[in-house]
Structures are given as structure tokens and as C-alpha cells.
Amino acid sequence: KGDAWERNFALLEQFKNRRGHCNVPKPHKEDGIKLGIWLSNQRRRREKLEESLQRRLEQLGVSWNPQADEWEQKFALLEKFKEREGHCNVSKTYEEDGINLGTWLDTLRQVRKGNREGNLSSERIERLDEVGIRW
């Protein structure tokens, strides 16, 4: 079992060296190994992983909750937009730093209105309200 973990970790290092991050898509295979599924399993089993293995994954740059990290990244871009533009009226097609900020906001609005599947916590709604989002 230890050898397989080490092999997969080495493949994750290889992926990061090539792509610059550890956000392996779930269906991704690296050298024929289902690396995305392996990483997803490490995240799911985090509490059962030895601390030394958790630490190695963290030092490599693995995020335990990539969806939350992505939300925070987009929220930070929204704050940057507001600081520069003075408002949060982002057009649907607007991109900031290569991220389609307009589509993200439109999706959040649709989720809040109940027109689209998704989960938007009251804490996130409050943060969006505070930054000045018009629903």
C-alpha cells in the first residue's frame, strides 16, 4: 500500500510540475493511473491519513476543499473589480484575470432565486450583500 501511495504522490508531483497546481480533475489519468480519483480519495479520507502524508500533500499545494478555494478566489476578484470600478455590476461575459466573473455572479443569482441547482450559504449571501451585489 505504501508503494502505491508513493507512486501516486510522485505522479501528483509530476502533474504539478507540468501544470503549476495540484487541482487534478477527477477523471484525469497520469501515466495510466487514475490520479484524479486517487486525489479525491485522499481528500475524502483526510482524517484517516497519517499526519506525515497530510503534511506532504499540503506542502505540495493540495487543497483539501478546492471548491471553497475557488469560491474565495472569485470573491477576491469581485472585490478587486469593485475597488477599481466602484460597483459590482459585472456583465455576464466579463473576465477578470482569466476567470469569467460575470458567469459566476449570474450563476450565484440563479441559485439564490431557485432557478438553478446549487447551494449558497447564508454566510456567502451576507458577504455578497456586503460587497454590494444586486440580486
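Residues numbered from 1 in each chain as written. Predicted model: local features only at pLDDT ≥ 70, side-chain atom pairs only at ≥ 80, totals over all residues. Heavy atoms only, no water.

**So, the packing of aromatic side chains**
Enumeration over the complete set of coordinates arrives at five aromatic pairs. An angle of 65° between the planes, with centres 5.6 Å apart, marks the rings of Trp 5 and Trp 38 as edge-to-face. With Trp 5 in helix α1 (residues 2-19) and Trp 38 in helix α2 (residues 35-44), this pair connects stretches of sequence that are 33 residues apart. As far as the burial class goes, Trp 5 and Trp 38 line up, both buried. (Phe/Tyr/Trp six-rings, centres within 6.5 Å; stacked < 30°, edge-to-face > 60°. Helix = DSSP H or I, 4+ residues; strand = E, 2+ residues; numbered from the N terminus. Buried < 20%, exposed > 50% of the residue type's maximum accessible area, 1.4 Å probe, protein only.)

**Some remarks on the packing of α1 against helix α3 (residues 51-60)**
Remark: α1 packs on α3, axes separated minimally by 11 Å, with the N-to-C direction vectors making an angle of 10°. Judged by the inter-axis angle, α1 sits roughly parallel to α3. The segment α1 lies against α3, with Trp 5, Glu 6, Phe 9, Leu 12, Glu 13 and Lys 16 engaging Leu 53, Arg 56, Leu 57 and Leu 60. A class-by-class count of the residues in the contact of α1 with α3 yields six nonpolar, no polar and four charged. (Axes fitted to C-alpha atoms, helices over the stretch in contact; angles between N-to-C directions. Parallel < 35°, antiparallel > 145°, perpendicular 65-115°, else oblique. Contact = heavy atoms within 4.5 Å. Nonpolar A, V, L, I, M, F, W, Y, C, P; charged D, E, K, R; others polar.)

**Focus on the environment of Ser 63**
Assignment of secondary structure puts Ser 63 in the loop between α3 and α4 (66-85). Sequence spacing of Ser 63 and Cys 22 is 41 residues, and the spatial spacing of their C-alpha atoms is 7.7 Å. Setting aside residues up to four positions removed in sequence, Ser 63 forms contacts with Arg 43 and Asp 69. A distance of 3.2 Å separates the side chain of Ser 63 from the backbone nitrogen of Asn 65, its partner in a polar contact. (Polar contact = N/O pair within 3.5 Å; in protein donor to acceptor, adjacent residues only side chain to side chain.)

**Notes on helix α6 (residues 122-131)**
Every buried residue of α6 is listed here: Ile 125, Leu 128 and Val 131. Viewed along the axis of α6, the buried residues span an arc of 130°, placing them on a single side of the element. Facing away from the buried side of α6 by more than 90 degrees, the exposed set consists of Ser 122 and Glu 130. In this structure, the buried residues of α6 make contact with α4 and α5 (101-113). In the segment just after α6, Gly 132 is the residue with positive phi, at about 110°. (Arc of directions from axis to C-beta.)

**Comments concerning unusual backbone geometry**
Unlike most non-glycine residues, Asp 31 shows phi in positive territory, near 50°. For Asp 31, the location among the structural elements is in the loop between α1 and α2. Its relative accessible area of 61% is what places Asp 31 among the exposed residues. Positive phi, close to 50°, is recorded for Asp 97, a residue that is not glycine. Mapped onto the elements, Asp 97 comes out in the loop between α4 and α5.

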